[in-house]
Amino acid sequence: VLARPVVEVKALDAELVLDGMASEPMWEQATVLDGFTVFNPNTTGTKKFDARARVFVGAEALYFHVHVMLGEQARVYAPFAERDRLRGDEIQIHIDPFAEGRRGYGFRVNARGVLGDMLIDARGGQDSSWDSLFDAAAVIDEDGWRAEIEIPFRSLRFDPTKERWSSHIYVESWEYQQGISWAPIDRNERNWLTLAGHLDGMGGREPGRAVEVLPSVTVRSAESDDVPLPGCDLVAGIGSVGACGVEGTYGVGLKWGITPSLTLDGVFNPDYSQIEADANQLSVNNRFALYLPERRPFFLEGADIFGMKVPVRSSRALGRTVIPFYSRSVGRPDFAMKLTGQEGAVRLGVFFATDPEAPESMSDGF
């Protein structure tokens, strides 16, 4: 069994300018994370570069600084890219606030400062649909590059009484085609969250009772020479109103952090027209139903809880697994509510929706 590094994270309340340089005095007092070992492409190769990290706890965020030491002759590959699609030399920080290896948060930055974030599950799956409020800055220097990373507590769900969190720090070099990790990696293990190093001294942090309101209004009007204009009588329904050929719809979404680890989401007549477009899929000669990855903000909170796989047995396929809850079967609900999170050792996921556009095989509610 590989030894997992354990450090005591210091609490330092000071002003910080996120510029990648780590020139503020508090960085000299921050906890040092070193002893990086090779994990990619395998764990037996010779380490061709090194890294050293520092970490401290601020009043509202967890801060990391990582110095990647490539050597004077090594090149840094740092292309510009869209968020979550970064390439080249990069740093990844994985956080498991419950230190249980069941769910984690991933934060990425490349040497150009392009950001990426994701949710991580116990099967090693990564969902980059999730977007957080973290920030980072990177700077390239004479022997490599550096990055400062700020992870606000309000982007995480955690138990404020828990003193120990788990964390991974991965560094990838394009020049050397190699990756190194702060916590040693056993590539025979599928769930690398269980191999993460320990950050002690994290208790007493409060993300606040975050409340987020997302109103939406959509107005539509259409005219045709073949169709006479409708009358100007006011017509109103649930989430809609219209008159004189103009139709308006309205809705609202609400997110409430009831506790640091428990979140309530609700939507009334939501407008999903402003989310990322789904990739086109062909259904011709397709033997299986189409499966679309979830992009809608309401469903992303606690998505890993509802995405569990359950083994089933049948005469045709022994050991087949199914996902009992598929959020894409909820089309355009009039109202939906969801409670997700963890209290102690219990993970909780409750979902209810009334959807007039749901498939006929689906009943209202779950």
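Residues numbered from 1 in each chain as written. Predicted model: local features only at pLDDT ≥ 70, side-chain atom pairs only at ≥ 80, totals over all residues. Heavy atoms only, no water.

S.K.: Can you walk me through the overall build of the chain in this structure?
M.R.: When helices and strands are counted, the chain shows three helices and 24 strands. Counting only residues that meet the buried cut, the chain has 43% of its 366 residues in that class. Contacts in the chain between residues far apart in sequence, at least 24 positions, make up 64% of those at least 6 positions apart. In the structure as shown, the chain presents an accessible area of about 19,900 Å², 53% of it carried by carbon and sulfur atoms. (Helix = DSSP H or I, 4+ residues; strand = E, 2+ residues; numbered from the N terminus. Buried < 20%, exposed > 50% of the residue type's maximum accessible area, 1.4 Å probe, protein only. Contact = heavy atoms within 4.5 Å. Areas by Shrake-Rupley, 256 points an atom, 1.4 Å probe, with all protein chains shown as cover.)

S.K.: Any chance you could explain empty space enclosed by the protein here in plain terms?
M.R.: Using the criterion set out here, one finds two cavities of 30 Å³ or more in the structure. Here the largest cavity is characterised by a volume of approximately 60 Å³. As for the largest cavity, its lining consists of Phe-98, Arg-103, Arg-157, Ser-261, Ile-305, Gly-341, Gln-342 and Arg-347. The residue inventory of the lining of the largest cavity, partitioned by class, reads two nonpolar, three polar and three charged. In this structure, the second largest cavity encloses a volume near 30 Å³. In terms of lining, the second largest cavity is formed by Asp-96, Pro-97, Phe-98, Arg-103, Tyr-105 and Arg-157. (1 Å grid on protein atoms, 1.4 Å probe; cavity = no way out; pocket = protein on both sides within 12 Å on 5 of 7 lines; lining within 4 Å. Points joined across faces, edges and corners; volume = space filled by probe spheres on them. Nonpolar A, V, L, I, M, F, W, Y, C, P; charged D, E, K, R; others polar.)

S.K.: Hey, could you run me through the side chain of Asp-121 in this one?
M.R.: Mapped onto the elements of the fold, Asp-121 is located in strand β9 (residues 115–121). Within the structure, the side chain of Asp-121 is placed 2.8 Å from the backbone nitrogen of Gly-125, a separation counted as a polar contact. Look past the residues within four positions of Asp-121 in its chain and what remains in contact with it is Arg-102, Asn-191 and Leu-193. (Polar contact = N/O pair within 3.5 Å; in protein donor to acceptor, adjacent residues only side chain to side chain.)

S.K.: Can you help me understand the nonpolar core in this one?
M.R.: Soluble globular proteins: nonpolar side chains tend toward being buried together. Of all hydrophobic cores here, the largest spans 43 residues; its most connected members are Leu-62, Phe-64, Ile-91, Ile-149, Ile-169 and Val-171. Ignoring anything within four residues of it in the chain, the contact list for Ile-91 reads Val-66, Val-68, Phe-107, Arg-108, Val-109, Trp-145, Ala-147, Ile-149, Ile-169, Tyr-170 and Val-171. (Core = buried A, V, L, I, M, F, W, Y, C linked by side-chain atoms within 4.5 Å.)

S.K.: What's the story with the pairing of β9 in this structure? I'm lost.
M.R.: In the case of a regular strand, side chains alternate between the two sheet surfaces. Burial of β9 is extensive: seven of the seven residues sit out of reach of the surface. Burial along β9 is two-sided: the residues Leu-115, Asp-117, Leu-119 and Asp-121 and Gly-116, Met-118 and Ile-120 are all buried. Of the pairings in the sheet, the one linking strand β8 (residues 103–110) to β9 comprises seven bridges and is antiparallel in character. Residue pairing in the sheet places Arg-108 in a bridge with Gly-116 of β9. In textbook terms, the turn of a hairpin is the stretch between consecutive antiparallel strands, and for β8 and β9 this stretch comprises four residues, one of which, Gly-113, has a positive phi near 90°. Linking β9 to strand β10 (residues 126–127), which pair antiparallel, is a turn of four residues; within it Gly-124 sits at a positive phi near 90°. (Pairing = 2+ DSSP bridges.)

S.K.: I tried to follow the side chain of Asn-269 on my own but got confused; where do I start?
M.R.: Inspection of the secondary structure puts Asn-269 in the loop between β20 (262–268) and α2 (297–300). Here Tyr-250 takes part through its backbone oxygen, which lies 2.7 Å from a polar atom of the side chain of Asn-269. Excluding its chain neighbours within four sequence positions, the residues that come into contact with Asn-269 are Ile-238, Gly-239, Thr-249, Tyr-250, Gly-251, Arg-332, Pro-333 and Asp-334.

S.K.: What's the story with unusual backbone geometry in this structure? I'm lost.
M.R.: With the exception of glycine, the majority of residues adopt a negative phi angle, and the majority of peptide bonds are in the trans configuration. Omega for the peptide link from Asn-40 to Pro-41 comes to 10°, which places this bond in the cis form. Topologically, Pro-41 is positioned in the loop between β4 (37–40) and β5 (50–57). Phi is positive for Ala-99, close to 55°, though the residue is something other than glycine. Secondary-structure assignment places Ala-99 in the loop between β7 (90–96) and β8. Judged by its relative accessible area of 26%, Ala-99 is partly exposed.

S.K.: Explain the pattern of salt bridges to me, please; I cannot follow it from the model alone.
M.R.: Where charged atoms of side chains with opposite charge meet at close range, the side chains can pair. Within the structure shown, the criterion is met by 12 salt bridges. Arg-83 is the salt-bridge partner of Asp-117, the closest N and O atoms lying 2.5 Å from each other. With Asp-117 in strand β9 and Arg-83 in the loop between β6 (61–69) and β7, the pair connects residues that are 34 residues apart, well separated along the chain. By relative accessible area, which is 1% here, Asp-117 ends up buried. Note on Arg-83: relative accessible area 35%, which makes it partly exposed. A salt bridge links Arg-83 to Asp-131; the nearest nitrogen and oxygen atoms lie 3.6 Å apart. Of the two residues, Arg-83 is situated in the loop between β6 and β7 and Asp-131 in the loop between β10 and β11 (135–141); the sequence distance between them amounts to 48 residues. Residues joined in a network through salt bridges with shared partners are Arg-83, Asp-117 and Asp-131. (Salt bridge = Lys/Arg side-chain N within 4 Å of Asp/Glu carboxyl O.)

S.K.: Help me out: how do you make sense of the confidence of the model for the chain in this one?
M.R.: Confidence along the chain averages 84 in pLDDT terms, with 86% of residues attaining 70 or more. When the elements of the chain are averaged for pLDDT, strand β22 (residues 320–322) gives the smallest value, 53, and strand β14 (residues 178–181) the largest, 98. Low pLDDT, under 50, characterises residues 314–319; the predicted model gives this stretch four contacts beyond four residues in sequence or across chains. This stretch, residues 361–366, has a pLDDT under 50; its non-local contacts, to residues over four places away or in other chains, come to 10 contacts. (pLDDT = per-residue confidence, 0-100.)

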